[in-house]
Every structure is written in structure tokens, then in C-alpha cells.
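# What the coordinates show
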Amino acid sequence: MFDEGTKIALFAVVLTAWVFGLTTEQLAPRADLETAVETARLPPLPQEVTPDGAPAQSRVSRIRVDLSDTFTAELLATYVIEGLVVTRREFRNDPTSAISPLDLGIVWGDLAKPGGIDGFEFRTGHRLIWYSPPENTEMPRRWKNQVTNNHLIPANQTVSDVLMETKIGSHVRLRGYLVKVTGDQISPWRSSLRRDDGSIVGGCEIILVTDVEVLEDGQSAA
């Protein structure tokens, strides 16, 4: 067992390494986007989310799409999500950053309404999101389902440019496909197909984004 002094020293080392890694990642040159997907022949997408503000999702025949020379995506479902951006994190050095340079944490439904996240705290890890609700506050039913972390694969440079300009506090609508990605140096990278899986690892949505729209205040369907 470690004594208290050793524990503090180890914590300091781990914290320093984490901060250094985060700084290095954010300051490193961004790799050129490798994806240039031909979307015209892909299955049609819903235009909007469901009436209660939940993401619209439908299974599709499993079509394989080349994302780049080294990555392939298998389409699992069409997907449209609309909500409030609460976290953003860029990636420059991980094995998938050339096709997925950005994660956005998005809340939808009741949480995306004015005042819906008052008192919340949101933080990001490496391809992860952590959150804590305000204390002594009655939360909407199934509110945890309304917090999503989204690994975004822009279909092309135009989509990427809009995504990379998206800020925390923006209301956005993303349309595309939930996918399973295979490629060099990675294990199969599979999207969650459920909002209620409650998993920190493997519970995120991986979206091949074909269309992104930043909504004006009050335009959200939620």
C-alpha cells in the first residue's frame, strides 16, 4: 500500500502527464481531413428529430463506405440529433483523428430548453464526457438519456469546416449515419445504437455527418 505522501506524489505525476498530453494534443498541427465521402447514393435521411426532441434513428441495410485509404465505415442506422452543445474537444494525435477530429457533447429534449442545464457541470476526457447535475434539483424523467457524446466523422471538408467552427452554447442539428469503423491500428470502432446504455466506454455515438446546421435561438424543435 502507498502512504499518503506517495499517493499525493503519484497523483501529481498522473495529473501533470494528463495536462501535458492534453496541451500537446490541442497544440499539435491538425492533420488534413482524409474523408471525402460520396453521399448521393447513401440511404435517405430523416429531415428532423422526433416530436419530443429525441434523436431520429432508423436501421439501414449494412452498406460499407470507404472513408479514406485506410478507414472503412459500415452504416448501422440513419441518425438526426438536435440540441445544445455543452462540450467540444478536438483530436489531432489519436489513431482516428484524421477522420474524426472533433467530439461534441450535445444535450437534447428538456435539457436543451432554456435553463435546462442550469447548475450542471460538464467535462471531457479522451473521447469521453462526464457530467454532474445540480444538487437538490428535481430532474426530468430519464434525463441521463438526453446527454450524449458524439464522435464526429465529417463526410467532407465543407461539413468539417462548419463543425470545427461550432462553439459551446450553439444549438445544432446533425444529420448522417451511425457507423462502425474499421481501419489500420484500431479495433473495430462501433457506435452505440441506444441512448440508455449508460456506458462510459462504448456508449457514445459515432456519426458520419453529411449535413450540419447551426440553429437560431428558438428554432429548435425540442
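Above this text you will find the structure in question.
So, here is what we can say about the structure in this document. (Residues numbered from 1 in each chain as written. Predicted model: local features only at pLDDT ≥ 70, side-chain atom pairs only at ≥ 80, totals over all residues. Heavy atoms only, no water.)

### Examining the pattern of salt bridges
Inspection of every chain in the model, using the stated rule, returns 12 salt bridges. Between R173 and E82 there is a salt bridge, and its shortest N-O distance comes to 2.8 Å. Of this pair, R173 sits in strand β8 (residues 171–183) while E82 sits in strand β3 (residues 71–90); the two residues are 91 residues apart in sequence, bridging distant segments of the chain. Like R173, the residue E82 is buried in the burial classification. For the salt bridge of R195 with E205, the shortest nitrogen-to-oxygen distance reads 3.2 Å. You can see R195 sitting in the loop between β9 (189–190) and β10 (205–215) and its partner E205 sitting in strand β10, a full 10 residues away along the chain. When sorted by exposure, R195 lands in the same class as E205, which is buried. Within the structure, one salt-bridge network assembled from shared partners comprises R62, R64 and E74. (Salt bridge = Lys/Arg side-chain N within 4 Å of Asp/Glu carboxyl O. Helix = DSSP H or I, 4+ residues; strand = E, 2+ residues; numbered from the N terminus. Buried < 20%, exposed > 50% of the residue type's maximum accessible area, 1.4 Å probe, protein only.)

### Description of the environment of D118
Structurally, the position occupied by D118 is in the loop between β4 (102–107) and β5 (121–125). Among the residues examined, D118 registers a relative accessible area of 56% and is labelled exposed. The sequence separation of D118 and P134 amounts to 16 residues, and the corresponding C-alpha distance is 7.5 Å.

### A look at the nonpolar core
Counting residues in each nonpolar core, the largest one holds 21 residues, and the members touching the most others are I81, I106, L152, L163, L174, I207 and V209. For this core, the secondary-structure elements that each account for two or more residues are β3, β4, α2 (157–164), β8 and β10. Sort the elements by how many residues they give to this core and β3 lands first, with five residues. With sequence-adjacent residues up to four places away left out, L163 is seen in contact with R88, L102, L152, P154, L174, V209 and V212. L42, L67, Y177 and V181 belong to the second largest nonpolar core, which has 19 residues in total. (Core = buried A, V, L, I, M, F, W, Y, C linked by side-chain atoms within 4.5 Å. Contact = heavy atoms within 4.5 Å.)

### What about the packing of aromatic side chains?
Aromatic rings in a pair are described by how distant their centres are and how their planes are angled relative to each other. Going through the model one piece at a time under the given rule, you end up with three aromatic pairs. Where Y131 meets W143, the ring centres are 5.8 Å apart and the plane angle is 80 degrees; that geometry is what we call edge-to-face. Of the two residues, Y131 sits in strand β6 (residues 128–132) while W143 sits in the loop between β6 and β7 (147–154), which places them 12 residues apart along the sequence. Aromatic rings pair up to connect F120, F122, Y131 and W143 into one cluster. (Phe/Tyr/Trp six-rings, centres within 6.5 Å; stacked < 30°, edge-to-face > 60°.)

### Notes on the pairing of β4
Burial of β4 is extensive: six of the six residues sit out of reach of the surface. In the sheet, β3 pairs with β4 via six bridges, with the strands oriented antiparallel. Counted as the bridge partner of R89 is D103 from β4. As judged from the six bridges shared by β4 and β7, these two strands associate in the antiparallel manner. Opposite L102, over in β7, you have L152 as the bridge partner. (Pairing = 2+ DSSP bridges.)

### Here we look at unusual backbone geometry
Residue R127 is not a glycine yet carries a positive backbone phi of 60 degrees. With respect to the secondary-structure elements, R127 resides in the loop between β5 and β6. For N136, which is not a glycine, the phi torsion comes out positive at approximately 55 degrees. With respect to the helices and strands, the residue N136 is situated in the loop between β6 and β7.

### Observations regarding the environment of I186
Residue placement: I186 occurs in the loop between β8 and β9. When its relative accessible area of 19% is taken as the criterion, I186 is described as buried. For I186 and T96, which are 90 residues apart along the polypeptide, the C-alpha to C-alpha distance reads 8.0 Å. Those residues in contact with I186, other than ones at most four positions away along the chain, are F71, P95, T96 and V181.

### Thoughts on a negative patch on the surface
Among the surface-exposed residues, D32, E34, D66 and D69 lie close enough to one another that they form a single negatively charged patch. Mapped onto the fold, D32 is located in the loop between α1 (4–27) and β1 (56–59). (Patch = residues over 30% accessible without salt bridge, like charges linked within 9 Å, V, L, I, M, F, W, Y side chains within 5 Å. Areas by Shrake-Rupley, 256 points an atom, 1.4 Å probe, with all protein chains shown as cover. Lys, Arg positive; Asp, Glu negative; His and termini not counted. Charge placed at Lys NZ, Arg CZ, Asp CG, Glu CD.)

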